[in-house]
Amino acid sequence: MSDDTVLQSRRNALKCMAYGGVGTLFTLAGGVLTPVELAVAADKQGAARLGKPLFVQISDTHIGFNKDANPDVNGTLTRTIDLVNGMAEQPALIIHTGDITHLSKPAEFDMAQQMLSRLRTTELHTVPGEHDTTDPTVTEYFNRFGKASDNKGYYSFDHAGVHFVALINVLQFKPGGLGTLGTDQLAWVAADLKGRSDSTPIVVFAHMPLWSIYEPWGWGTGDAPQLMEQLRRFGSVTVLNGHIHQIVQKVEGNITFHTARSTAYPQPTAGTGSGPAPLKVAADQLPKMLGITSVSIVKHPRSLALSDTTIA
Amino acid sequence: MTLGQYRSLLTAVGVTMLWWVAATSASTADTPDPTRIVMKDFKFVPSSLTVKAGSTVTWANMDDEPHSVVSDTGLFRSGAMDTNESFSFKFEQPGTYHFTCSIHPRMVGTIVVQ
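Enquirer: Got a minute to help me understand the overall build of chain A in this structure?
Expert: Helix and strand counts for chain A stand at eight helices and 13 strands. Taking all 312 residues of chain A together, 46% fall into the buried category. For chain A, the proportion of contacts with a sequence separation of at least 24, taken over those separated by at least 6, is 71%.

In structure tokens form, the structure reads like this:
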């Protein structure tokens, strides 16, 4: 890609974001994120160059939410699932980065599970959001999704040479503070990564951002820097989060940070208004602010590509 | 109208007025309920409350976003409270009790029981 093309596509990517996004695609090669016009990915040649979709990230489905910002979250999740099921090549797995439900109610979890079971891709990996762990006994999420982690909330697995690390940062809040991973989980990550080659592509996912986006609203994780110390030696690290219902990205060395859109409702940008309340937008604008992130392996075995798609 | 009927009417008017005064003072914000905390604009209001031992404190969510009330020591923990839902806890023992919203941990408050 020439510099001109890069500049041009960067301009287009910014334009997309300014309008709430019709989808922006990013190629990640050796930890360097390069925006590419979505049209490149949409045509067959471009799609082939981008490789097979490895997984799709769904986030913040908030089943049970019924306020003005989106009175039909089941409808928008249905559209999201149709979008994924309609992909020319199905992803190998689906990742849900939390806030599956709005109020941790059994009926909300049941509805979410029933809806997610419509996905053609049946391998689903989840982490909980703080909305999934507000029931008095903190058991509803773990009764349904706790098996992978032996009810601890964190676990890892491998797929197509990529090592996936699922983390939980919504249980140990310090009052007035950010999300917390905790010493036990950090020690587990160290043991999990030990002995893995620096060239292994790593995908880390958790609900709350693993980097400080806006501390007054709790958009960060207090002890995430200790996690980053452990990840720094790897050549390609992709950190995926939800929680803030909008795309925010950062590249630091070989680590790419990316937050996903919600499928339920958007939230204001950092610091706009009294807090991260649901953002009400015109009905025709809403689908442009909801969507998914898909991640592909590009031909070079060491790199991943991120692509955001709205349900509009 | 007889004198007796007139007296009855006066009494009725007086009672009505008393009721009206009581209802009005209860509905104005000048004297907030001393055992009630509202959650509004991502804050506990008031964030600190002093009550007598044996008092029941009620938290009510006035935001469009759900909130919860979780004691730092695990003494009490509400589930998620949606808009207009509330949670109550009776404080038997004197002491200082800190609490937070598990969904928005920047929201913090204190109950002092005397």
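Next comes the rest of the account.
Enquirer: Just checking my understanding: could you explain the overall build of chain B for this structure?
Expert: The number of helices and strands found in chain B is one helix and eight strands. Of the regular secondary structure in chain B, the N- to C-terminal order runs α-β-β-β-β-β-β-β-β. Intrachain contacts of chain B at a sequence separation of at least 6 include 46% that bridge at least 24 residues.

Enquirer: Quick question: what am I supposed to make of the sheet that holds strand E7 (residues 95–100) of chain B here?
Expert: Two orientations exist for strands paired in a sheet by backbone hydrogen bonds: parallel and antiparallel. Residues and elements named next belong to chain B. Spatially, the four strands line up as an open sheet ordered E3-E8-E7-E5, and their pairing is mixed. Here the strands that pair on one side only, and so sit at the sheet edges, are strand E3 (48–51) and strand E5 (70–71). Relative to strand E8 (residues 108–113), E7 runs antiparallel, the two sharing six bridges. Residue pairing in the sheet places His98 in a bridge with Thr110 of E8.

Enquirer: Got a minute to help me understand the interface of chain B and chain A in this structure?
Expert: Interface extent is often summarised as the accessible area lost during association of the parts. At the interface, 20 residues of chain B touch 19 residues of chain A. Residues belonging to the side of chain B that touches chain A are distributed by class as follows: six nonpolar, six polar and eight charged.

Enquirer: Looking at this model, I keep getting lost on the environment of Pro105 of chain B. Mind explaining?
Expert: Assignment of secondary structure puts Pro105 of chain B in the loop between E7 and E8. Considered as a pair, Pro105 of chain B and Val57 of chain B are 48 residues apart in the sequence and their alpha carbons are 20 Å apart.

Enquirer: Explanation requested: the sheet that holds strand E4 (residues 55–61) of chain B in the structure shown.
Expert: Residue and element names in this part refer to chain B. The strand order across the open sheet built from four strands is E2-E1-E4-E6, with neighbouring strands paired in mixed fashion. Looking at the sheet topology across the chains shown, the edges are occupied by strand E2 (43–45) and strand E6 (86–91). Between one strand axis and the next, the sheet turns through 20° on average, direction left out of account. Note that strand E1 (residues 36–40) and E4 share four bridges and pair parallel. Bridged to Met39 within E4 is Asn61.

Enquirer: Mind showing me how you'd approach unusual backbone geometry here?
Expert: Most peptide bonds are trans, and most residues other than glycine sit at a negative phi. All names here are of chain B. Backbone torsion omega between Val45 and Pro46 reads -5°, so that peptide bond is classified as cis. Relative to the assigned elements, Pro46 resides in the loop between E2 and E3. Not every positive phi belongs to a glycine, and Asn84 is a case in point at roughly 70°. Within the fold, Asn84 resides in the loop between E5 and E6. With 9 C-beta atoms counted inside 10 Å, the residue Asn84 sits in the exposed group.

Enquirer: So what exactly am I meant to see when it comes to the pairing of strand E8 (residues 202–205) of chain A here?
Expert: Regular strands have side chains that alternate between both faces of the sheet. All names here are of chain A. By the alternation rule, side chains of E8 split into Ile202 and Val204 and Val203 and Phe205, which are all buried. Of the strand pairs in this sheet, strand E7 (residues 162–166) and E8 are connected by four bridges, and their pairing is parallel. When the bridges of E8 are listed, Ala166 appears paired with Phe205.

Enquirer: Would you explain the environment of Ala270 of chain A in this entry?
Expert: Residues and elements named next belong to chain A. Of note, Ala270 is situated in the loop between strand E11 (255–259) and strand E12 (291–297). For the pair formed by Ala270 and Thr121, sequence separation is 149 residues and the distance between their alpha carbons is 34 Å. Discounting residues that sit within four places of it in the chain, Ala270 has contacts with Ile213, Tyr214, Trp217 and Trp219.

Enquirer: What is the right way to read the nonpolar core from this model?
Expert: Across soluble globular proteins, nonpolar side chains show a tendency to be buried alongside one another. In this structure, Leu167, Val204, Phe205 and Ala206 of chain A are the most contacted members of the largest nonpolar core, which totals 50 residues. Excluding residues within four positions of it along the chain, Val204 of chain A makes contact with Val165, Leu167, Leu210, Leu231, Val237 and Val239 of chain A. Counting residues in each nonpolar core, the second largest holds 19 residues, with Met81, Phe91, Cys101 and Met107 of chain B among its members.

Enquirer: Looking at this model, I keep getting lost on the environment of Tyr155 of chain A. Mind explaining?
Expert: All names here are of chain A. Here Tyr155 lies in strand E6 (residues 155–159). The class of Tyr155 is partly exposed, set by 19 C-beta atoms lying within 10 Å. Sequence separation between Tyr155 and Val165 is 10 residues; the distance between their C-alpha atoms is 6.1 Å. Other than its neighbours up to four places away in sequence, Tyr155 contacts Ala148, Ser149 and Ala166.

Enquirer: For this particular structure, what's the right way to read helix H5 (residues 106–116) of chain A?
Expert: Side chains three or four residues apart in an α-helix point the same way, a direct result of the helix having 3.6 residues per turn. Residues and elements named next belong to chain A. For H5, the full list of buried residues reads Glu108, Phe109 and Ala112. Seen from one end, H5 has its buried residues packed into an arc of 100°, which puts them on one side. Facing away from the buried side of H5, by more than 90 degrees, are the exposed residues Ala107 and Gln114. For H5, the secondary structure elements touched by its buried residues are helix H6 (140–145).

Enquirer: For this particular structure, what's the right way to read the confidence of the model for chain A?
Expert: Interpreting fine coordinate detail is not advised for predicted regions of low pLDDT. Chain-level statistics for chain A give a pLDDT mean of 82 and a share of 80% at 70 or above. For residues 1–43 of chain A, every residue scores under 50 in pLDDT, and the model assigns this stretch 77 contacts once sequence neighbours within four places are set aside.

Enquirer: Would you explain the packing of helix H7 (residues 183–193) of chain A against helix H8 (residues 224–231) of chain A in this entry?
Expert: Geometry of a packed helix pair, given as the angle between the helix axes and the separation of the axes. All names here are of chain A. At a closest axis distance of 10 Å, the pairing of H7 and H8 adopts a crossing angle of 5°. The pairing of H7 with H8 is recorded here as roughly parallel in orientation. Contacts from Leu186, Val189, Ala190 and Leu193 of H7 reach H8 at Gln226, Leu227 and Gln230. Here the contact of H7 with H8 is built from residues that sort into five nonpolar, two polar and no charged.

Enquirer: So what exactly am I meant to see when it comes to the confidence of the model for chain B here?
Expert: Residue and element names in this part refer to chain B. In this model, chain B carries a mean pLDDT of 82, and residues with pLDDT of at least 70 account for 73%. Low confidence marks residues 13–29, where pLDDT is under 50. Its contacts with residues over four positions away, or in another chain, come to one contact. ipTM for the predicted complex: 0.75, alongside a pTM of 0.81.

Reading guide: rules and limits
- Residues numbered from 1 in each chain as written.
- Chains lettered and ligands numbered in written order.
- Predicted model: local features only at pLDDT ≥ 70, side-chain atom pairs only at ≥ 80, totals over all residues.
- Helix = DSSP H or I, 4+ residues; strand = E, 2+ residues; numbered from the N terminus.
- Buried ≥ 20, exposed ≤ 12 C-beta atoms within 10 Å, placed from the backbone.
- Contact = placed C-beta atoms within 7 Å.
- Pairing = 2+ DSSP bridges.
- Nonpolar A, V, L, I, M, F, W, Y, C, P; charged D, E, K, R; others polar.
- Axes fitted to C-alpha atoms, helices over the stretch in contact; angles between N-to-C directions.
- Core = buried A, V, L, I, M, F, W, Y, C linked by C-beta atoms within 7 Å.
- Arc of directions from axis to C-beta.
- pLDDT = per-residue confidence, 0-100.
- Parallel < 35°, antiparallel > 145°, perpendicular 65-115°, else oblique.

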